[in-house]
Amino acid sequence: MFKYAALLAFVSVVTAQSQLYGQCGGIGWTGSTTCVAGATCTVLNDYYSQCLPGAASSSSTPTTVSSSHSTTTASSTGTSSAPTSTATPAAGNPFEGYTIYLSPYYANEIALAAGNITDSTLKAKAASIANIPTFTWLDTVAKVPDLGTYLADADSIQKSTGQKQLVQIVVYDLPDRDCAAKASNGEFSIADNGQANYFNYMDQIVAQIQKYPDVRVVAVIEPDSLANLVTNLNVQKCANAETTYKACVTYALKQLSSVGVYQYMDAGHAGWLGWPANISPAATLFTQMYQAGGSSPFIRGLATNVANYNALTAASPDPITQGNPNYDESHYINALAPMLASSGFPAQFIVDQGRSGVQNIRQQWGDWCNIKGAGFGTRPTTNTGNSYIDSIVWVKPGGECDGTSNSSSPRYDSTCSLSDADQPAPEAGTWFQEYFQTLVSKASPSL
Ligand SMILES: *[C@@H]1O[C@H](CO)[C@@H](O)[C@H](O)[C@H]1NC(C)=O
Ligand SMILES: *[C@@H]1O[C@H](CO)[C@@H](O)[C@H](O)[C@H]1NC(C)=O
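Chains are numbered independently. Their residues run from 1 in the order of the written sequence. Chains and ligands are labelled sequentially in the order written, the chains with letters from A and the ligands with numbers from 1. Only residues with pLDDT of at least 70 are given local features in this predicted model, and only at 80 or more are side-chain atom pairs given and counted; all residues enter the totals for whole chains, interfaces and linings. Excluded from the side-chain calculation are hydrogens and water; included are all heavy atoms of the structure.

**Student:** Account for the environment of Thr304, naming residues and giving values.
**Tutor:** Along the chain, Thr304 turns up in strand β9 (residues 299-304). With a relative accessible area of 0%, Thr304 lands in the buried category. Taking C-alpha positions, Thr304 is 5.2 Å from Ala267, a pair spaced 37 residues apart along the chain. A run of DSSP states H or I qualifies as a helix once it reaches four residues; a run of E qualifies as a strand once it reaches two. Both are numbered from the N-terminal end. Buried means the residue's accessible area, taken with a 1.4 Å probe over protein chains only, is under 20% of the maximum for its type, while exposed means over 50%, and partly exposed covers the values in between.

Below is the structure:
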């Protein structure tokens, strides 16, 4: 509820005089076209003008990103043309040679959680999770300033230690988000200026990243969104979202490439797009999106198994995978990568193994909500044993809930009440202490 209240407050202020980083123009915009003192309304693209810091003089406004947008024209999908990239990609695996910055937010969640455990052995194991890097989910526009804080922190660590820092983020705020489920509905809706709100969200992310050019950023792009477009266009909300999802993801790819962010588009998992009927349409869509993003070398590839429970390499196929030759993430990636390469997308992969420590615990492969008996999995490493895989990662911060089991909640999804879902479960994204303790105790390798 807080999220919606915050958004409404933001919108009502904008109609008076736009705030710093607020919208001040663009197609369909009906709010104020003037900015508060100290900010100038700057055209970023046909759909979005933003109040950026600085007085209204010709020398004050253009940053590399905004100036590169100012000449764009609308394409048929409503996206801007590619900004001129000022960043030069490094060759090879972007994780190599970098220390991954630890999210202070997750570290704090872990400290509180460990503080609530009485058993001293379990408490020590729980506390050790704070040293394992996860991704920061930018799932509301209100969280974007945290990214600036983390980048500043990483920049100062880098300067003081000499160790190059890498910040991991998940871009996750599409309008009509989570179109085939309910647990992770987002703050923006397509019917209510969602695309412009998303472009603003992305511009704010880019503005933060631009301030810290020495810190490397790796991003997972919009979990579930493109996968839903492959398999769930029979769901009305997904069909309705198709054009907007593509326009927004294209915008994200271009803008993030322009500031040198290494990106991995979310590609579902083996039990979703790995099925023989889905993998070829999936490859076609991912290659199309790569090309729509300007085929930038910063669009490094795809992320799989985000927030899911699949093994990277299963000792033997889980019975629920029967009928799918791609019964684990390795098989899925080894099948998908050559299809992408042959269509012009030389994709590399990252794979979430944060909660994949225990296998054969689901009733059905499609079950995704707070799976009972799950344990933390293989720690993040670039030693992946697979030349297609840049790194094993922990994208989902283990302990944060997948979705509520409260059937009266507006974001209730019945998947979270299935017999293999741990209950009672709080709202998506909030802390789930009992679940976290199970992840710790069942971790494999053990903590
Ligand atoms: C236990 O968890 C609650 C809720 O997260 C938190 O407010 C409290 O500080 C924690 N207790 C300790 C001792 O860390
Ligand atoms: C379930 O959700 C409803 C509606 O949001 C709320 O009023 C109720 O307190 C919740 N119940 C529990 C046990 O959290």
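**Student:** With reference to specific residues and values, describe the site of ligand 1.
**Tutor:** All residues in the neighbourhood of ligand 1 are listed as Leu112, Gly115 and Asn116. Polar contact is the term for a pair of N or O atoms within 3.5 Å; when the atoms are in protein, one must be able to donate a hydrogen and the other to accept it, and sequence-neighboring residues count only if both atoms are side-chain atoms. The backbone of Leu112 places a nitrogen or oxygen atom 3.3 Å from an oxygen atom of ligand 1. For the accessible areas, the method is Shrake-Rupley and the probe is 1.4 Å, while residue cover comes only from the protein chains on display. Relative to its unbound accessible surface of 360 Å², ligand 1 loses 41% to contact with the protein. Here a residue is near a molecule or strand as soon as one of its heavy atoms is found within 4 Å of it.

**Student:** Explain the site of ligand 2 residue by residue, including any values.
**Tutor:** Close to ligand 2 lie Asn406, Ser408 and Ser409. Measuring from an oxygen atom of ligand 2, one finds a side-chain N or O atom of Asn406 at 2.3 Å.

**Student:** Please provide a residue-by-residue account of the side chain of Ser330, values included.
**Tutor:** Take Ser330: it is sitting in helix α10 (residues 329-342). Within the local environment of Ser330, its side chain forms a polar contact with the backbone oxygen of Leu312, the two atoms lying 2.7 Å apart.

**Student:** Tell me what's going on with the pairing of strand β7 (residues 216-221), and back it up with residues and numbers.
**Tutor:** With six of six residues buried, β7 lies mostly within the body of the structure. The alternating pattern of β7 places Arg216, Val218 and Val220 and Val217, Ala219 and Ile221 on opposite faces, both of which are buried. Any two strands with at least two DSSP bridges between them are considered paired. As judged from the six bridges shared by strand β6 (residues 165-171) and β7, these two strands associate in the parallel manner. Across the sheet, the residue bridging to Val167 is Val217, located in β7.

**Student:** Which residues make up the packing of helix α5 (residues 144-161) against helix α6 (residues 194-210), and what values go with them?
**Tutor:** Axes here refer to lines fitted to C-alpha atoms; in helices the fit is confined to the stretch in contact. Angles between the N-to-C directions go from 0 to 180 degrees. Running from N to C, α5 and α6 point in directions that differ by 10°, and their axes come no closer than 9 Å. The pairing of α5 with α6 is recorded here as roughly parallel in orientation. Here α5 and α6 pass one another in a crossing that is right-handed. Of α6, the residues touching α5 (which contributes Val144, Pro145, Leu147, Gly148 and Leu151) are Tyr201, Gln204, Ile205, Gln208 and Ile209. Residue classes follow a fixed rule: Ala, Val, Leu, Ile, Met, Phe, Trp, Tyr, Cys and Pro count as nonpolar, while Asp, Glu, Lys and Arg count as charged, and any other residue, Gly among them, counts as polar. Of the residues in the contact of α5 with α6, the class split is seven nonpolar, three polar and no charged. Each angle gets one of four labels, with under 35 degrees taken as roughly parallel, over 145 as roughly antiparallel, 65 to 115 as roughly perpendicular, and the rest as oblique. Crossing chirality is assigned from the near helix's rotation relative to the far helix, an anticlockwise turn below a right angle marking it left-handed and a clockwise turn marking it right-handed. We call two residues in contact when some of their heavy atoms are within 4.5 Å.

**Student:** Any details on the state of the cysteines? Residues and values, ideally.
**Tutor:** When the sulfur atoms of two cysteines come within 2.5 Å, that pair is taken as a disulfide. Counted according to the given criterion, the structure contains two disulfides. Covalently, Cys179 is tied to Cys238 through a disulfide, its sulfur atoms 2.0 Å apart. Looking down the S-S bond of the Cys179 and Cys238 bridge, the torsion is 100°, so its handedness is right-handed. Residue Cys179 is found in the loop between β6 and α6, and its partner Cys238 is found in helix α8 (residues 236-258); the two are separated by 59 residues along the sequence. With respect to burial, Cys179 and Cys238 carry one shared label: buried. Linked covalently through their sulfurs, Cys369 and Cys416 form a disulfide whose S-S length is 2.1 Å. Residues Cys369 and Cys416 share a disulfide whose torsion about the S-S bond is about 95°; that sign makes it right-handed. With a gap of 47 residues between them, Cys369 in the loop between β10 (348-352) and β11 (389-393) and Cys416 in the loop between β11 and α11 (433-441) connect regions that are remote in the sequence. Just as Cys369 is buried, Cys416 falls in that class too. Here Cys401 stays unpaired: no disulfide links it, and the sulfur of Cys369, its closest cysteine neighbor, is 5.9 Å away.

**Student:** Give me α5: which residues, what numbers.
**Tutor:** The end-to-end C-alpha separation of α5 is 26 Å, in line with the 26 Å expected for 18 residues at 1.5 Å each. Taken together, the buried positions of α5 are Val144, Leu147, Gly148, Tyr150, Leu151, Ala154, Asp155 and Gln158. Across the axial projection of α5, the buried residues extend over an arc of 165°, all falling on one side. Seen from the open side of α5, the exposed residues pointing more than 90 degrees away from its buried face are Thr149 and Ser160. In this scheme, a helix's expected span is set at 1.5 Å multiplied by one less than its residue total. This arc is taken over the directions from the axis of the helix to the C-beta atoms.

**Student:** An account of the confidence of the model for the chain is needed here, citing residue identities and associated values.
**Tutor:** On a range of 0 to 100, pLDDT expresses the predictor's confidence in each residue. For the chain, the mean per-residue pLDDT works out to 88, and 87% of the residues sit at or above 70. Throughout residues 1-15 the model reports pLDDT below 50, and contacts reaching past four residues in sequence, or to other chains, amount to 15 contacts. In the model, residues 56-85 has pLDDT below 50 throughout and makes 60 contacts with residues more than four positions away in sequence or in other chains.

**Student:** Which residues make up the nonpolar core, and what are the values?
**Tutor:** One broad trend across soluble globular proteins is that nonpolar side chains are buried collectively. Among buried residues, the Ala, Val, Leu, Ile, Met, Phe, Trp, Tyr and Cys ones that are joined through side-chain atoms within 4.5 Å form a nonpolar core. By size, the foremost hydrophobic cluster in this structure holds 68 residues, and its most contacted members are Tyr201, Ile205, Met265 and Phe286. Look past the residues within four positions of Met265 in its chain and what remains in contact with it is Ile221, Leu226, Leu253, Phe286, Met289, Tyr290, Ile299, Gly301, Leu302, Ala303 and Phe345. Of all hydrophobic cores here, the second largest spans 23 residues; its members include Tyr309, Ile371, Phe376 and Leu439.

**Student:** Tell me about the packing of aromatic side chains, and please be specific about residues and values.
**Tutor:** Ring geometry is summarised as follows: Phe, Tyr and Trp rings, the Trp one being its six-membered ring, pair when their centres sit within 6.5 Å, and such pairs are stacked at plane angles under 30 degrees, edge-to-face over 60 and tilted between the two. The final tally for this structure, using the stated rule, is 13 aromatic pairs. Judged by centre distance (6.3 Å) and plane angle (40°), the ring pair of Phe95 and Tyr264 falls under tilted. Of this pair, Phe95 sits in the loop between α2 (64-69) and β4 (99-100) while Tyr264 sits in strand β8 (residues 262-266), placing them 169 residues apart in sequence. Pair check on accessibility: Phe95 and Tyr264 agree, each one buried. Here the aromatic residues Tyr106, Phe376, Trp394, Trp431 and Phe436 are joined through ring pairs into a cluster of three or more. When the ring centre of Tyr172 is taken as reference, the NZ or CZ atom of Arg177 above it lies at 4.2 Å. Put simply, a charge is over a ring when the Lys NZ or the Arg CZ is close to the ring centre, within 6 Å, and near the line of the ring normal, within 35 degrees.

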